[in-house]
Amino acid sequence: MHRTWPHPRVVCHRGGGALAPENTLAGIRKAAAMGFGGVEFDVMLSADKVPLLIHDETLDRTTNGRGSVTAMPYARLASLDAGAWFSPEYRGERVPSFEEAGKLCAQLGLWANVEIKPARGFERETGVAVAKLALELWGGASISPLLSSFEPASLEAARAAAPGLDRGYLTDRLGSGWDEAARALGCVSVHCNCKYLTEGQADEVRGAGYWLLCYTVNEPVIARRLFSWGIDAIFTDRLDLIPPDFA
Ligand code: G3P
Ligand code: MG
């Protein structure tokens, strides 16, 4: 018997999806303001090992900074503009620390899927830092976050640092051996790209006892199909097209 997914079924991708600059507090606030119950965001380490929200290993696409995230201490990263690239309305939005984002989620009553997104070479270190801080931020709370990563080493390190926190096995395409890998990492869920998932694979994943989450689902017709296959939750950028009560 498959346990019922206890978290929101529509999760806002990178904070506020396409409606706000990704991985910012403004995005998280946008998701809450629109009535969503959960957000996903990406966490990497600064040069001085502060976990912060950003997707790319370089600053260039989503901030007014240049170069590698891991080369800059957090105090400097925090002085960058992470909103102006998106629209003038968000000028002055900063690169948030994971601590700020986690506290904001708790304050707004949002569930979080924390994606551990290590820069190359920092897989274990990032897994440990994120898991330890997640424990501090959510320890004792009734809703706890789900830690996921494309990097098995990050999940393994997170498991060692905070064995009681749920982990999700994140992969683009479900290849052979996904079950052994997810099981070896003690994962409760499998997260994959909706572009490649088949109904048969969805049955297989859920039949093996995992919750199944798909990214990035931006078309209602696809969301509908995935939910009809029994998918537990989707990540979306289109907060305007796929409402919180869609499923
Ligand atoms: O965690 C789901 C999704 O966010 C994975 O892809 O590249 O948007 O972090 P990406
Ligand atoms: Mg992500």
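This text goes with the structure placed above it.
Residues numbered from 1 in each chain as written. Chains lettered and ligands numbered in written order. Predicted model: local features only at pLDDT ≥ 70, side-chain atom pairs only at ≥ 80, totals over all residues. Heavy atoms only, no water.

S.K.: Explain the coordination of the magnesium ion (ligand 2) here, please?
M.R.: Tetrahedral coordination by four donors places them ideally at 109.5 degrees to one another around the metal; octahedral coordination by six donors ideally gives 90 or 180 degrees. Distances from the magnesium ion (ligand 2) to its protein donors, namely Glu40 (OE), Asp42 (OD) and Glu115 (OE), fall within the range 2.0 to 2.1 Å. The class for Glu115 is buried, based on a relative accessible area of 5%. (Donors = N, O, S within 2.8 Å, 3.2 Å for Na, K, Ca; no water. Buried < 20%, exposed > 50% of the residue type's maximum accessible area, 1.4 Å probe, protein only.)

S.K.: Looking at this structure, I do not really get the pattern of salt bridges. What am I missing?
M.R.: Side chains that differ in charge, positive against negative, can pair when their charged atoms come close. Applying the stated criterion across every chain yields a total of eleven salt bridges. Note that Arg61 and Glu22 form a salt bridge whose closest N and O atoms lie 2.7 Å from each other. Here Arg61, found in the loop between β3 (51–53) and α2 (74–77), pairs with Glu22, found in the loop between β1 (10–12) and α1 (25–33); they are 39 residues apart in sequence, far enough to count as distant. For Glu22, a relative accessible area of 11% gives the class buried. The closest approach of N and O atoms between Arg94 and Glu100, which form a salt bridge, is 2.9 Å. (Salt bridge = Lys/Arg side-chain N within 4 Å of Asp/Glu carboxyl O. Helix = DSSP H or I, 4+ residues; strand = E, 2+ residues; numbered from the N terminus.)

S.K.: Looking at this structure, how should I read helix α8 (residues 220–228)?
M.R.: Within α8, the full set of buried residues consists of Ala223, Leu226 and Phe227. Burial along α8 is one-sided: seen end-on, the buried residues are contained in an arc of 95 degrees. When the buried face of α8 is taken as reference, the exposed residues oriented beyond 90 degrees from it are Val221, Arg224 and Ser228. Backbone geometry just after α8 places Gly230 at a positive phi near 95 degrees. (Arc of directions from axis to C-beta.)

S.K.: Mind showing me how you'd approach the site of ligand 1 here?
M.R.: Close contacts around ligand 1 come from His13, Arg14, Glu40, Asp42, His55, Glu115, Lys117, Phe150, Leu170 and Tyr215, and that covers them all. A distance of 2.8 Å is found between an oxygen atom of ligand 1 and a side-chain nitrogen or oxygen belonging to Arg14. Between ligand 1 and Glu40, the relevant distance is 2.6 Å, taken from an oxygen atom to a side-chain nitrogen or oxygen of the residue. Compared with its free state, where it exposes 290 Å², ligand 1 has 92% of that area covered by protein. Grouping the constituent residues of the shell around ligand 1 by class yields three nonpolar, two polar and five charged. (Near = heavy atom within 4 Å. Polar contact = N/O pair within 3.5 Å; in protein donor to acceptor, adjacent residues only side chain to side chain. Areas by Shrake-Rupley, 256 points an atom, 1.4 Å probe, with all protein chains shown as cover. Nonpolar A, V, L, I, M, F, W, Y, C, P; charged D, E, K, R; others polar.)

S.K.: How should I be thinking about the packing of helix α3 (residues 98–108) against helix α4 (residues 123–138) in this particular structure?
M.R.: Look at α3 against α4: their axes get within 10 Å of each other, and the N-to-C directions meet at 35 degrees. Between α3 and α4 the crossing geometry is right-handed. Contact residues: α3 offers Phe98, Glu99, Gly102, Lys103 and Cys105, while α4 offers Val130, Leu133, Ala134, Leu137 and Trp138. Classifying every residue of the contact of α3 with α4 by side-chain character gives seven nonpolar, one polar and two charged. (Axes fitted to C-alpha atoms, helices over the stretch in contact; angles between N-to-C directions. Left-handed = near helix turned anticlockwise from the far one by under 90°. Contact = heavy atoms within 4.5 Å.)

S.K.: I tried to follow the environment of Glu136 on my own but got confused; where do I start?
M.R.: Relative to the helices and strands, Glu136 resides in helix α4. For Glu136, a relative accessible area of 64% gives the class exposed. Taking the C-alpha atoms as reference, Glu136 lies 10.0 Å from Gly102; in sequence the two are 34 residues apart.

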